[in-house]
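Fold and geometry: a report
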Amino acid sequence: MQALVIEGMHPLRGSVPVHGSKNGALPLLAAALLAPGRTVLHHCPRLTDVQTTMEILRHLGAGCGWEGETLWVDASAVTGTAIPEELMRRQRASVLFLGALLARCGEATLSTPGGCALGERPVDLHLSLLRQLGAEVGQQGDRIFCRGAALPGGEAYLPYPSVGATENFLLAAQGCAGPSRLLGAAMEPEIGELAELLRAMGAQIEGVGTPVLTVYPAGALRSAEHTVRADRIEAATLLCAAVSAGGEVELTGVEPSALQPVLDVLWQTGSEIRCTDSSVRLRAPERPRAPERVVTAPWPGFPTDAQAPLMAALLRCRGTAQIREQVFQSRFHHVPELRRMGAAIETDGPLATITGVPSLRGTHLQGCELRGTAALAVAALGAEGESVVTGLEFLDRGYENIKNLLSELGAAIKRVEISPDVVYNRIP
Ligand code: UD1
């Protein structure tokens, strides 16, 4: 079993580039299926979720491979339209293949997707959108079937701005014979990035960044090249790490506008923040101030994916901080682990109240989902003594070698093989 061993209280200093975005790359990989030929994604992160998506693409008959940081997908031949349950279970983003396969092949069969355990995560909004565009959608047990070549399109409505459902709309609409319009679309930067690649492939899309998206039929799409934008959640995690450990860090290759909701909160902690067009520099306060109540919400609200890392950064705050999680039903799995470090956190349904403590102590911390595991590492960086963080299989889904990034910033962190006995005995 692998673990991160972190000795806390070493302030972070220095400058690191941020990797390409996981949530940006996964829909782009599904989009690559829309056009024959070779679609090329530069600055693509090497993550297990990307690896799983490559396995799905290969299963469907597409070729794909790495050339350094560039990932190419050759979708000249799409020979399958069904994704096995084993691949679907590994990550939720695979549901995007519904829209892509419908547009390219006129049919898709897959099973309810898995992903991190964040409470109930249905796909009803995805299926409703596809029905509204004219697709025939059926479900038998866990299997979902969609059919409909050259769908009529028309007007579709989302009662909640689901990121994935909006992406599925953009993908499925590329196969519609008439114009299609989505009311109530999500506005996250990743939607804009997907639209950017689709436009480079020849798609005609209006209203990006607004709640109303319109797609016009544009004929056959062609393969294209794109550079994956920086991961705003990796960037947010590193900034939270700096607030937790102290110090001054610079992140390069980022878009500060995509980080704005996070920067607004970190600024309230007393952090000094300076941005250029492509970098963010943060100087941490000695002890963070509690910000106003943070509420997670769809863009332009505070991102739910940065909730756990932010909580970890606030454990030693002056005063009492509150975080309300209102995107996912159950996203506080990190709280019991943080309490074991001496953190004072009370939860009441979706509300967490954090009373700052003067110090935290290192211990063994077991992660059980992606962002929660990252939060444990963030907390460990600000704790006295050594912490051992396990659950790296979750971390590896969404962070490309975060150990190296933190090491470059001066953290005392190692990735080691550890005996399960050590873990079960809950050291120290
Ligand atoms: C994406 C991100 C994820 C992020 C989330 C919210 C990817 C690969 N993942 O996930 O990291 O945390 O956006 O910013 O980009 N819902 C339904 N029915 C549906 C779809 C969603 O009830 O059919 C609910 C979900 O259970 C959740 C909320 O809507 O409570 C938000 O989900 P959604 O915006 O769809 O998130 P994802 O696209 O899954």
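A few words on the packing of aromatic side chains. Across all of its chains, the model carries zero aromatic pairs by this definition. Above the plane of the ring of Trp72 lies Arg38, whose end atom (NZ or CZ) is 4.3 Å from the centre. Over the face of the ring belonging to Trp66 we find Arg46, whose NZ or CZ atom lies 4.2 Å from the ring centre.

On to the site of the ligand, then. Near the ligand lie 19 residues; those nearest to it are Asp124, Leu125, Ser162, Asp305 and Val327. Arg92 is positioned such that a nitrogen or oxygen atom in its side chain is 2.8 Å from an oxygen atom of the ligand. Measuring from an oxygen atom of the ligand, one finds a backbone N or O atom of Pro122 at 3.2 Å. Within the complex, the protein chains bury 85% of what would otherwise be the 740 Å² of accessible surface of the ligand. Looking at the shell around the ligand element by element, the count peaks at three residues for helix H5 (residues 124–132). Considered class by class, the residues forming the shell around the ligand number eight nonpolar, five polar and six charged. Of the domains in this structure, domain 1 (2–18 + 230–417) and domain 2 (22–227) are the two that each give at least three residues to the shell around the ligand.

Taking strand neighbours across the sheet as the criterion, the four strands line up as S17-S18-S20-S19 in an open arrangement whose pairing is mixed. On the outer flanks of this sheet lie strand S17 (294–295) and strand S19 (344–348), each paired with one strand and no other. Of the pairings in the sheet, the one linking strand S18 (residues 320–324) to strand S20 (residues 351–355) comprises five bridges and is antiparallel in character. Within S20, the residue paired with Gln322 across the bridge is Thr353.

Overall, the coordinates contain 18 salt bridges when judged by the stated rule. Here Arg232 makes a salt bridge to Glu190, at a shortest N to O gap of 2.8 Å. Placement of Arg232 in helix H8 (residues 232–245) and of Glu190 in helix H7 (residues 189–200) is noted, with a sequence separation of 42 residues between them. The pair Arg232 / Glu190 is uniform in exposure class, with both members buried. One salt bridge connects Arg415 with Asp396, and the closest N-O pair in it is separated by 2.8 Å. You can see Arg415 sitting in strand S23 (residues 412–417) and its partner Asp396 sitting in helix H13 (residues 392–398), a full 19 residues away along the chain. In this structure Asp396 comes out as partly exposed when scored by relative accessible area, which is 21%. Taken together, the shared-partner salt bridges in this structure form one network comprising Glu248, Glu250, Glu272, Arg274, Arg281 and Arg283.

Right, let's talk about the domain arrangement of the chain for a bit. Its domain assignment divides the chain into domain 1 (2–18 + 230–417) and domain 2 (22–227). Averaged C-alpha coordinates put domain 1 and domain 2 at centres separated by 30 Å. Taken over both partners, the interface formed by domain 1 and domain 2 buries close to 1,900 Å², and the fraction arising from carbon and sulfur atoms is 50%. Broken down residue by residue, the surface that domain 1 buries against domain 2 is led by Trp299, Arg397 and Glu400, which jointly contribute 35%. In this structure, the salt-bridge partner of Asp49 is Arg397, at a minimum N-O distance of 2.8 Å. The interface formed by domain 1 and domain 2 holds nine residue pairs in polar contact (both at pLDDT 80 or more) in total. Broken down by secondary-structure element, the contributors of at least two residues to the side of domain 1 that touches domain 2 are helix H12 (370–381) and H13. In terms of residue count, the dominant contributor to the side of domain 1 that touches domain 2 is H13 (three residues). Classifying every residue of the side of domain 1 that touches domain 2 gives nine nonpolar, four polar and nine charged.

Where helix H9 (residues 260–268) is concerned, the buried positions are Pro261, Val262, Leu263, Val265 and Leu266. Those residues of H9 hidden inside the fold are in contact with H8, strand S15 (272–275), strand S16 (279–283), S17 and helix H10 (307–313). Gly270 lies just past H9 and shows a positive phi near 100°.

This paragraph deals with the sheet that holds S23. Pairing within the open sheet is mixed, and its four strands lie in the order S21-S22-S1-S23. At either end of the open sheet lies a strand with only one pairing partner, and these are strand S21 (364–366) and S23. Shown here is a sheet whose adjacent strand axes are inclined to one another by a mean of 25°, direction ignored. With four bridges connecting them, strand S1 (residues 2–7) and strand S22 (residues 386–390) associate as antiparallel partners.

Reading the values: the criteria
Residues numbered from 1 in each chain as written. Predicted model: local features only at pLDDT ≥ 70, side-chain atom pairs only at ≥ 80, totals over all residues. Heavy atoms only, no water. Phe/Tyr/Trp six-rings, centres within 6.5 Å; stacked < 30°, edge-to-face > 60°. Lys NZ or Arg CZ within 6 Å of the ring centre and 35° of its normal. Near = heavy atom within 4 Å. Polar contact = N/O pair within 3.5 Å; in protein donor to acceptor, adjacent residues only side chain to side chain. Areas by Shrake-Rupley, 256 points an atom, 1.4 Å probe, with all protein chains shown as cover. Helix = DSSP H or I, 4+ residues; strand = E, 2+ residues; numbered from the N terminus. Nonpolar A, V, L, I, M, F, W, Y, C, P; charged D, E, K, R; others polar. Domains from an automatic or database assignment. Pairing = 2+ DSSP bridges. Salt bridge = Lys/Arg side-chain N within 4 Å of Asp/Glu carboxyl O. Buried < 20%, exposed > 50% of the residue type's maximum accessible area, 1.4 Å probe, protein only. Buried area = accessible area lost by both parts, 1.4 Å probe. Contact = heavy atoms within 4.5 Å. Axes fitted to C-alpha atoms, helices over the stretch in contact; angles between N-to-C directions.

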